[in-house]
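So the chains spell out like this:
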Amino acid sequence: SSTDLFYPYDRFKRRCEEVLDDIVMQQRWDDGRRVTHVRLGAIFSHDPSCIQCRALALQAWIGPYLTTRIDCNSAGNVAILLHAILSSSKDDEEDKSAPSAAADKAITYFYYARPLHFPTPVTYGDYLLAYRQAHGIALYLWIPMILVTWFVQMVHALADHWGPQFPYLQSIDYLLQVTNCEHTFDLSLVAATYPDVAAQEETMVECFQRRRRLLARDEQQ
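What comes next is a walk through the structure. Numbers given to residues run from 1 along each chain, matching the order in which its sequence is written. The predicted origin of the model limits local features to residues at a pLDDT of at least 70 and limits the giving and counting of side-chain atom pairs to 80 or more, whereas totals for whole chains, interfaces and linings rest on all residues. Side-chain figures throughout are based on the complete set of non-hydrogen atoms in the structure, without hydrogens or water.

**Topic: the overall build of the chain**
Turning to step 1, where the next piece is worked out: Elements are defined by DSSP. Helices are runs of H or I of four residues or more, strands are runs of E of two residues or more, and each kind is numbered from the N terminus. Secondary structure assignment for the chain yields nine helices and six strands.
Turning to step 2, where the next piece is worked out: Overall, the chain is about 60 × 40 × 40 Å in size when its C-alpha atoms are taken along their principal axes.
Turning to step 3, where the next piece is worked out: Here the chain holds 221 residues, and 36% of them are scored as buried.
Turning to step 4, where the next piece is worked out: Considering only residue pairs separated by 6 or more positions, the chain has 81% of its internal contacts joining residues 24 or more positions apart.
Turning to step 5, where the next piece is worked out: Counted as positive: Lys and Arg. Counted as negative: Asp and Glu, with His and the chain ends omitted from the count. Where a charge lies is defined by one atom per residue type, namely NZ (Lys), CZ (Arg), CG (Asp) and CD (Glu). With 20 positive and 27 negative side-chain charges, the chain shows a spacing of 4 Å between the two charge centroids. Whether a residue is buried, partly exposed or exposed follows from its accessible area with a 1.4 Å probe, protein chains only, as a fraction of its type maximum: under 20%, in between, or over 50%, in that order. Whether two residues are in contact is decided by their heavy atoms, any of which lying within 4.5 Å being enough.

**A closer look at the pairing of strand E5 (residues 107–111)**
Residues in a regular strand point their side chains to alternate faces of the sheet.
Turning to step 1, where the next piece is worked out: Only one face of E5 is buried: it carries Thr108 and Phe110, and the other face, with Ile107, Tyr109 and Tyr111, is open.
Turning to step 2, where the next piece is worked out: By this definition, two strands are paired if DSSP reports at least two bridges between them. As judged from the five bridges shared by strand E1 (residues 35–39) and E5, these two strands associate in the parallel manner. Bridge pairing in E5 places Val35 opposite Ile107.

**Digging into the packing of aromatic side chains**
Turning to step 1, where the next piece is worked out: In this analysis, rings of Phe, Tyr and Trp, with Trp reduced to its six-membered ring, are considered paired at centre separations within 6.5 Å, and the interplanar angle assigns stacked below 30 degrees, edge-to-face beyond 60, and tilted for intermediate values. All chains considered together, the criterion is met by nine aromatic pairs.
Turning to step 2, where the next piece is worked out: Centre to centre, the rings of Phe110 and Tyr194 are 5.6 Å apart; their planes meet at 70 degrees, and the pair counts as edge-to-face. Within this pair, whereas Phe110 is found in strand E5, its partner Tyr194 is found in the loop between helix H7 (188–193) and helix H8 (197–200), the two being separated by 84 residues in sequence. Assigned by exposure class, Phe110 and Tyr194 land together as buried.
Turning to step 3, where the next piece is worked out: Only when the NZ of Lys or the CZ of Arg is both within 6 Å of the ring centre and within 35 degrees of the ring normal is a charge said to sit over the ring. Across the ring face of Tyr140, the terminal group of Arg132 is positioned such that the distance to the ring centre comes to 3.9 Å.
Turning to step 4, where the next piece is worked out: The positively charged end of Arg132 is found above the aromatic ring belonging to Trp142, 4.4 Å away from the centroid.

**Comments concerning the nonpolar core**
Turning to step 1, where the next piece is worked out: Judged by nonpolar contacts, the single largest core of 28 residues is most densely connected at Phe44, Leu56, Cys72, Tyr124, Tyr127, Met204 and Phe208.
Turning to step 2, where the next piece is worked out: At the level of elements, strand E2 (42–44), helix H2 (51–58), helix H4 (124–134), helix H5 (145–162), helix H6 (167–176) and helix H9 (204–220) are the ones that each hand at least two residues to this core.
Turning to step 3, where the next piece is worked out: The element contributing the most residues to this core is H4, with six residues.
Turning to step 4, where the next piece is worked out: If we skip the residues at most four places from it in the chain, Leu56 touches Phe44, Tyr124, Tyr127, Leu128, Tyr131 and Phe208.
Turning to step 5, where the next piece is worked out: If you look at the next biggest cluster of nonpolar residues, it comprises 12 residues, including Val78, Ile80, Ala84 and Tyr194. Think of a nonpolar core as a cluster: buried Ala, Val, Leu, Ile, Met, Phe, Trp, Tyr and Cys residues, connected wherever their side-chain atoms sit within 4.5 Å.

**Focus on the packing of H4 against H9**
Turning to step 1, where the next piece is worked out: Taken N-terminus to C-terminus, the directions of H4 and H9 make an angle of 45 degrees; their axes are 8 Å apart at the nearest point. By the angle between their axes, H4 is oblique relative to H9. Two packed elements cross with a definite hand, and for H4 against H9 that hand is right-handed. On H9, the residues touching Tyr127, Ala130, Tyr131, Gln133 and Ala134 of H4 are Met204, Val205, Phe208, Gln209 and Arg212.
Turning to step 2, where the next piece is worked out: When the residues that make up the contact of H4 with H9 are grouped by side-chain class, the tally is seven nonpolar, two polar and one charged. Angular values range over 0 to 180 degrees, each being the angle between N-to-C directions of two axes fitted as lines to C-alpha atoms, with helices fitted over their stretch in contact. By the definition adopted for this analysis, an angle is roughly parallel if under 35 degrees, roughly antiparallel if over 145, roughly perpendicular if from 65 to 115, and oblique otherwise. Each crossing is labelled by how the near helix is turned from the far one, with a counterclockwise turn of less than a right angle marking it left-handed and a clockwise turn marking it right-handed. Each residue is assigned to one of three groups, with Ala, Val, Leu, Ile, Met, Phe, Trp, Tyr, Cys and Pro labelled nonpolar, Asp, Glu, Lys and Arg labelled charged, and all others, Gly among them, labelled polar.

**With respect to a nonpolar patch on the surface**
Turning to step 1, where the next piece is worked out: Exposure above 30% relative accessible area and the absence of a salt bridge qualify a residue for a patch, where like charges join within 9 Å and nonpolar side chains (Val, Leu, Ile, Met, Phe, Trp, Tyr) within 5 Å. In this description, accessible areas are obtained by the Shrake-Rupley approach with a 1.4 Å probe, and a residue is regarded as covered only by the protein chains that are shown. Here a salt bridge means any side-chain nitrogen of Lys or Arg lying within 4 Å of a carboxyl oxygen belonging to Asp or Glu. Side chains of Trp150, Phe151, Met154, Leu158, Trp162 and Phe166 sit close together on the surface and give an oily, nonpolar patch of about 630 Å² of accessible area.
Turning to step 2, where the next piece is worked out: Looking at the element boundaries, Trp150 is found in helix H5.
Turning to step 3, where the next piece is worked out: Residue classification places Trp150 among the exposed residues on the basis of a relative accessible area of 54%.

What follows is the structure in structure tokens.
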């Protein structure tokens, strides 16, 4: 339940799902319509203001190797999955005798927090290495993890004390707490339902290379 979640951002996302679920239950659709929730994690997009990519950019030359396992994905991969879901829904409408693996449920939850070609979760440090490789950064410095831990703890303490007066401080604290907590999910359902997606996915290096090209093109225009 959304009421069981602590952080406002988490409550907001879960409450959005609950609203849609309530609509499904109230309408009691009997014509095959269904709701599909795609639960994502951190997304790397080509938008210049992408907070996830900007965080990596800040660590591109000097940063820590975080060993915490965190699921991240690219906007390109998400688009591939969404296309597969919509195509499957269209096929179901045209051929009621051969529904997809998820068509027997009015509400389906798919976790697609990382690429399917990652059979097991990877560390956040691996994404940073991919970012550096995509940008041709061969020389860089690692920050000792003890400094990172100290900074995260300090911000968390400030957020606990001053959070209500400074809402942005709570948001920053929320993002920094990721460094201490593993965020990984079971992707088996989406992998079984849409097995062709894995072969179409881009790697994280390809994701950052594509983003670099798109940003350079936009600057020229």
